[in-house]
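Inside the fold
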Amino acid sequence: MPAPVSRPARAAFERLLTRCAVGLRSGGAVASGIAAFLGLAPPASPGPVAVAVVVSTAWAGIYAVLALRRQGSLVLVAGDVLVAGALCLGHGWLVPSVVLPDTTSWVFLLASTTVIVSQLGPRPVPGVAATVVVSAAYVGGLALHPGADLPGVAVLLLVQGTLLGALMVVVRRAAAAADRVIEQREAAERGAAVCAARRAEEREHFRMLHDSVSATLTVVAAGGIAGSSSTLRAQAGRDLDVIERLQAPLVPVGPGSPPGAGEGSGTPDGESPAGPTGWSGDGRSDRPDGDDLRRWLMPVVAAADPAVAVESAMSAAIVPVPVGAAFAGAVAEALTNVARHARASRVRLRAGPGDGGVSVELADDGPGFDPDGVPAHRRGVRESLLGRMSSVGGAAVVTSVPGSGTRIVLRWPAAGDGAPPGAGAGGGTGGDGGGGEPGPVAGTRAADGTGGGLGDVVATWYGRGFDLAVVWLVGVWHVGNDLVAVVSRSSSYRSLTAEVVAWLTLAVVGVVGGVRLLRHRTDRTGALLLAGATLAASALGTAAVPGSAIFSGADWAWGAAGWFGALVLLRRPLAELAALIAANSAVTLAVLAYDGALDRISLARFATVVYGTAALQLTLALTARALDATARRAAAVAEAESAVRRRRQVADELHAGRQDRYRAVRRSVGPLLAGLADGELDAADRRTRNRCAVEASRLRRLFAETDDVPDSLLHELRACTDIADRRGVLVDLQVLGRLPSLDRPARRALTEAPLFALADAERYARVTVVGRSDEVAISVLADGSVPVPAELAVSADPAVIVTVQDGEDRRWVEARWRG
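Here goes a summary of the coordinates provided. Being a predicted model, the structure only gives us computed values, none of them experimental. (Residues numbered from 1 in each chain as written. Predicted model: local features only at pLDDT ≥ 70, side-chain atom pairs only at ≥ 80, totals over all residues. Heavy atoms only, no water.)

**Points about the packing of aromatic side chains**
- Inspection of every chain in the model, using the stated rule, returns 5 aromatic pairs.
- Relative to tyrosine 138, the ring of phenylalanine 108 has its centre 5.7 Å away and its plane inclined at 80°; by these criteria the two rings are edge-to-face. Of the two residues, phenylalanine 108 sits in helix α4 (residues 106-118) while tyrosine 138 sits in helix α5 (residues 124-144), which places them 30 residues apart along the sequence. For the residue pair phenylalanine 108 and tyrosine 138, the accessibility class agrees, reading buried in each case.
- Three or more aromatic residues joined by ring pairs form one cluster here, namely Phe551, Trp558 and Phe606. (Phe/Tyr/Trp six-rings, centres within 6.5 Å; stacked < 30°, edge-to-face > 60°. Helix = DSSP H or I, 4+ residues; strand = E, 2+ residues; numbered from the N terminus. Buried < 20%, exposed > 50% of the residue type's maximum accessible area, 1.4 Å probe, protein only.)

**Topic: the sheet that holds strand β9 (residues 406-412)**
- The sheet built from 5 strands is open, its strands ordered β4-β6-β7-β9-β8 with mixed pairing. Sheet topology places β4 (309-314) and β8 (395-400) at the edges, where each strand pairs with a single neighbour. Looking at each pair of strands side by side, their axes are set apart by 10° on average, direction ignored.
- Bridge count between β4 and strand β6 (residues 346-354): 6 bridges; the pairing is parallel. What sits directly across from valine 310, in β6, is valine 347.
- Across the sheet, helix α8 (residues 293-302) lies against β4, β6 and β7 (357-364), angled at about 170° from β4, the strand it touches most. (Pairing = 2+ DSSP bridges. Axes fitted to C-alpha atoms, helices over the stretch in contact; angles between N-to-C directions. Contact = heavy atoms within 4.5 Å.)

**Section: the environment of arginine 19**
- Within the element layout of this structure, arginine 19 appears in helix α1 (residues 8-38).
- In sequence terms arginine 19 and alanine 67 are 48 residues apart; their C-alpha atoms lie 8.1 Å from each other.
- In this structure, arginine 19 is in contact with Leu68, Thr630 and Arg633, ignoring residues within four places of it in sequence.

**Concerning the side chain of serine 779**
- Relative to the helices and strands, serine 779 resides in strand β14 (residues 775-782).
- Judged by relative accessible area, which is 14%, serine 779 ranks as buried.
- Setting aside chain neighbours within four positions, we find serine 779 in contact with Arg766, Val767, Thr768, Trp812, Val813 and Glu814.

**As for the nonpolar core**
- Formed by 110 residues in total, the largest nonpolar core has its most connected members in Trp106, Tyr462 and Trp556.
- Among the elements that line this core, the one with the most residues is helix α16 (residues 600-677), at 12 residues.
- Here tyrosine 462 is in contact with Ala9, Arg10, Ala12, Phe13, Ala175, Leu627, Thr630, Ala631 and Ala634, once residues within four sequence places are set aside. (Core = buried A, V, L, I, M, F, W, Y, C linked by side-chain atoms within 4.5 Å.)

Below, the structure is given as structure tokens:
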């Protein structure tokens, strides 16, 4: 089983949050230290404040080092809480008494930063605990200071932690959804890659078997061998070697290999050579990057049937090893078909570079054939020529007209990849001497990667979650904080009407901006109009607050403007949000100056508030921009990990497939070939020919199982009848009703008994197929003399019932499947 994915989207997002946490922690330490000394006033004294600032700054440095080295998040949260909690407990002696009850002290800034940073860790529980502990420590510090009230500042810390924690939950769910998409996509692409690789190797193995083992068995079954011969024994031995090579990965054989090094250099007693397909298990080549095409083709031409004269003219052309092997195998099959079917006396072969590629042309003087008249289950040209060339990115064109011979053109690369125009067009393709499919088969190649656009997929999921979280955060804050402030502090305002109008204006901005954000609308005009409305509402709300109340909860508009600005300008240039925050802060300074409240302590409080709000708002915008880069990194990690898993699974699947094919073929065909190779079996014996017909039919059925056809059962049954047809048996196939879709084991069980009857038929065979939705029956009525094996009546599939009846001069066999 493949290893599970490592959640790259979530991991990349957590790394981004870690950098945000380091920035907030470091910036908060620096800003609070500056504010601590800028606003230094009794009861705070320089000594304790200096110690507190040094401790806070040192911890910020330690935090950054540990976080960036990815040292335990629990340790970081615990240390952060310990430092912040200690400062909160002592903050009655670290800040001026005038700022103690509100949110403008530098200690509150550190406490708020701790609460916020704790929510950025990968686990929510430590963040919740940190929020509670720091809030309690802040209240405890107020209680320890004589005369201090216990304001609702601690509630604000709890609200901050809760809102940010909820935001992180939403965004992390989006990252988890991105990981699920990655995992599903990877599984689909891995499955496709495994299927493509398995199919490619399976088809090449079947080409090997077709051009060698199947050809030998077909010749013996058809009675083409008068008796045992040295040629037959040698060929059977080579065929056994082909079967053994099914265990090894496909590696092209070098061009210098002798004809026998391939899948067979000839068929017995006058039959044309099956020819080497150029594949072996050991892989030999004089040059790792390729070799001269002539060195691939000359052994094939030399091994051709001497009854057919081959006139060859070859020019030097360097081709990669797999391409040379494909050319060699295709030419060998073409020469085999010429000798076996075309009854030609001469073949002209031309090979060499041309028109941006390499081509091989063969033309014979035979009678030709009608490509449209050859059954689709014939495979010689369709797979051994077209399929073999397409597997290496090449193409093959077969043109034949009755009475004018046959012309075959092999090209690499195929049309559209540097090959001559028209390389992919032309006559029909045949199988075993005929046509079956129009035109060449286009080659396909699986990419070693998860494909383009994965970064966009991750970014889309990040964006969905992040945008939704921002809208939710701003909405909850505007209702839970801003509206509560307007209502509870109504007596503090110069004009309550102005505050209500400001609140309603921002509410409208939030609705419109949220809809625009979720619909991914980021046009400049709309964004700046909403930003202008935000700034105007903030100015109206702030101007209605007296200078003495600017730093109290009454001035909700100052902080709200930045959040609404982040909402409407989230996908806009960062300078626009920075300008809005600066303009909004300038309005507050103007109000302070107008009321004569702009002293040193007020400036310190102002700096604390500006940093505390602007840092978060700018971080939010920066995070939105960083998500795209984070998505690309997550996609790159996912692709790299996926490639490793895919290669491993492809290798495992291919190995398992090779072993299954080897065991199946070795178990059925091996003993028969071994008997032919050592001379124990006589090719002229009726029983031997019958066994060869059975095994050849099984191979043909096996080959047909890899074809993409509408009716697999009928297609495989026609493949089973092919050997009988080649032996001169008159086969009449009738189909009645509609055949249901069956899986491969059921189809094999249904065709096994009919296959035996067809293999034994001597003159005629009537095959009848009757189908309906829940039942299929295949019956064969034929003559025959070889006894039916006893095990034939017992099907491998319990849903298939086999019936055999023998008469004096004919045999009836039926296989019936019931669903």
